[in-house]
Amino acid sequence: MMRYFTVAAFLVLVFGGCAKVVPAVSEYRINQNTYNIQSTSHGCKEKSLKVGQAFSETSLMNLDIMYGIGEQTQYRYTQSKWAQTPNAAITSEIVRFLQKADIFASVSVPKSRVKSDYILETNIEDFMQYFSADEKSSVVKASLTFSLLDTKDNSVVATKSLAIELPSKTLDAEGGAIALNEALKTLLEQSGVWLDESCR
């Protein structure tokens, strides 16, 4: 009996020592925020809007969470991922925000076949965390350009570029994701004010 116990203990030690511990990958998502905006214009209350799929660099079309150090270098977090690509998540959040903002009679998703009076195009120019060269501090930068298009003649009604920089509370992917969520919320609220004014 003792011999079997010794063999079993030996096997556990041998194979247990060979086991490689793989750290879990943390996933972060762009939250569905609560927004503070109230439409005061009635210019688009009877108009329909389709939100186009956002344009962006390819780095925002996959699940890698990228960050920059100093002026030139860019890396990806190895143990952290986005739950949804930033491009798709930001597009979905724009749709959700505008559906609640009550600026237009209806707001449809990019894949909708419904014809609309307007199309909103969005270009994501920046959406990333940046560390200082000594890596002792970090900020996030978010920059979006919106174009409101009239579908009758494909003309540009109005264009607006919005940008914000916020500090991240912690020097990791979680701190960056939290700050980027806050930055997106602020930019979308600003875009709502701009759209409301463009409809006057």
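Below is a summary of the structure that appears in this document. (Residues numbered from 1 in each chain as written. Predicted model: local features only at pLDDT ≥ 70, side-chain atom pairs only at ≥ 80, totals over all residues. Heavy atoms only, no water.)

## Some thoughts on the layout of surface pockets
There is about 200 Å³ of room inside the largest pocket. In terms of lining residues, the largest pocket is bounded by 16 residues, among which S59, L60, D126, F127 and M128 are the most central. Elements that contribute at least two residues to the lining of the largest pocket include exactly strand 4 (64–69), strand 5 (73–82) and strand 7 (118–131). With 6 residues, the top contributor of residues to the lining of the largest pocket is strand 7. Residues belonging to the lining of the largest pocket are distributed by class as follows: 9 nonpolar, 3 polar and 4 charged. (1 Å grid on protein atoms, 1.4 Å probe; cavity = no way out; pocket = protein on both sides within 12 Å on 5 of 7 lines; lining within 4 Å. Points joined across faces, edges and corners; volume = space filled by probe spheres on them. Helix = DSSP H or I, 4+ residues; strand = E, 2+ residues; numbered from the N terminus. Nonpolar A, V, L, I, M, F, W, Y, C, P; charged D, E, K, R; others polar.)

## What about the state of the cysteines?
Tallied over the entire structure, the rule returns 1 disulfide. With a sulfur-sulfur separation of 1.9 Å, C44 is cross-linked through a disulfide to C199. Disulfide C44-C199: the torsion about the S-S bond is -90°, which places it as left-handed. On the criterion of sequence distance, the pair formed by C44 in the loop between strand 1 (26–28) and strand 2 (48–51) and C199 in the segment after helix 3 (173–198) is long-range, its members being 155 residues apart. Side by side, C44 and C199 carry an identical accessibility label, which is buried. (Disulfide = S-S within 2.5 Å. Buried < 20%, exposed > 50% of the residue type's maximum accessible area, 1.4 Å probe, protein only.)

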